[in-house]
Amino acid sequence: MPEANAPFDLESLVRENILRLKPYSSARSEFNGNAEVFLDANENAFGSPAGGGHNRYPDPLQTDLKARAAVFLRVPPSQIFVGNGSDEAIDLMFRIFCEPGVDEAIICPPTYGMYKVSAEINDVAVQEVSLDEGFQLDVPAILDGIAPRTKLIIVCSPNNPTGNLMDEDAILKIARSFRGMVVVDEAYINFAHRPSMVEKLDAAPNIVVLQTFSKAWGMAGLRVGLAIANERVVSLMNRVKPPYNVSGVAQRLVLEALEKCDPVDEWIAEMWKERDRLVKELEALHVVRKIYPTDANFVLAKFSDANAIYGHLVDRGIVVRDRSGVELCEGCLRITVGTRTENDRLIEALSGFEKERVAIL
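First things first, this report covers the structure right here in the doc. Computed from a prediction, not measured in an experiment: that's the story for all the values here. (Residues numbered from 1 in each chain as written. Predicted model: local features only at pLDDT ≥ 70, side-chain atom pairs only at ≥ 80, totals over all residues. Heavy atoms only, no water.)

## Overview of the overall build of the protein
- Scanning the protein from terminus to terminus reveals 13 helices and 11 strands.
- A compact globule built from 361 residues would reach a C-alpha radius of gyration of about 21 Å, and the protein, at 22 Å, matches this within 12%.
- Considering only C-alpha atoms, the protein reaches an extent of 75 × 55 × 35 Å along its principal axes.
- Considering only contacts within the protein whose residues lie at least 6 apart along the sequence, 71% involve residues at least 24 apart.
- A total of about 17,500 Å² of accessible surface is found on the protein, and carbon and sulfur atoms cover 50% of it.
- The distance from the centre of the 39 positive side-chain charges to the centre of the 52 negative ones in the protein is 2 Å. (Helix = DSSP H or I, 4+ residues; strand = E, 2+ residues; numbered from the N terminus. Rg over C-alpha atoms; globule rule 2.2 N^0.38 Å. Contact = heavy atoms within 4.5 Å. Areas by Shrake-Rupley, 256 points an atom, 1.4 Å probe, with all protein chains shown as cover. Lys, Arg positive; Asp, Glu negative; His and termini not counted. Charge placed at Lys NZ, Arg CZ, Asp CG, Glu CD.)

## Points about the side chain of T111
- Here T111 lies in the loop between β2 (104–107) and α6 (114–121).
- Once residues lying within four places of it in the same chain are set aside, the contact partners of T111 are C156, N159, N160 and P161.

## Some thoughts on the environment of V299
- By secondary structure assignment, the location of V299 is in strand β9 (residues 298–303).
- Looking at V299, the relative accessible area reads 0%, which means it is buried.
- Distance in space between the C-alpha atoms of V299 and V279 is 7.7 Å, their sequence separation being 20 residues.
- In this structure V299 touches R275, L278, V279, L282, T294, L333, R334 and I335, once residues within four positions along its chain are discounted. (Buried < 20%, exposed > 50% of the residue type's maximum accessible area, 1.4 Å probe, protein only.)

## Some remarks on empty space enclosed by the protein
- One pass over the structure, following the stated rule, counts 1 cavity of 30 Å³ or more.
- A volume near 40 Å³ is recorded for the largest cavity.
- Residue lining of the largest cavity: C108, T111, L131, L137, I154, V155, C156, N159 and M166, and that is the complete set. (1 Å grid on protein atoms, 1.4 Å probe; cavity = no way out; pocket = protein on both sides within 12 Å on 5 of 7 lines; lining within 4 Å. Points joined across faces, edges and corners; volume = space filled by probe spheres on them.)

Right under this line is the structure:
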């Protein structure tokens, strides 16, 4: 087990080729000032069939978007990375800190499957340290699992597919005892009743917090995610990312959304009401064995026959996520909280399944 309060030495964690890397310098990144004529980037100066200025490359560093997001996050813009979804930030963590075929990462199943996929793409070994029976981090097992080549520990909170927040003190204990990077994926944090771990960055400079505009903000189709971290970490991410990783359309629409966030708060409040109602309706069904506590916009439910119920729902045009084959989630389906109408259709279909089973028996 590593020593508590291990010193944070960022440069010792970074791959040597990344430290040596001279990043690609785009035409727009070299220019600083006011101009009216742009003849620097070999764009089509005559326009685009789509109109709207789409013939021009977007801001490679998303300056305006970061400035606005910084107000919401209460951190300097220099601590914000904007990526093509959170998946880009996850991939960059492996590319920056993990030497292919040499270094390792720890993940805590059941959890978001893209962590392992991204590790495998980058040829990084993964050690899986399962959550405990309450779907919380097994801190002693995680610390015991840290090897000399462990560079990343990835935590999802609220966790997917279980829906629960991870204990904040547990995350901080891991971060303070680990010389590598701790990535905390908060894709669902807007649905929770607890502040983000962004507030703890000063207490643990090796934490990287991931957030997204895909969930509560309702912009999954735009593919825009955030990483909030020590500014030196953000600088490394900007060094490695593609030059124009977030489209101009996405930047503009997210920026506009940040100026009118009242509907988002209303949607979240409505989701909470529907989530409570959905849980109550599910608990009344005999085919439901257990509903797990959730801090997200979905519920994980254990069913008497998850495979049969999943097929029954699909036959009626309703798709949920079958997690019955996932460790610690045997017999479970993950159900997103939909609109009232969608939730009513789900309950009606499940009630129909239950009645059919009773009739057969």
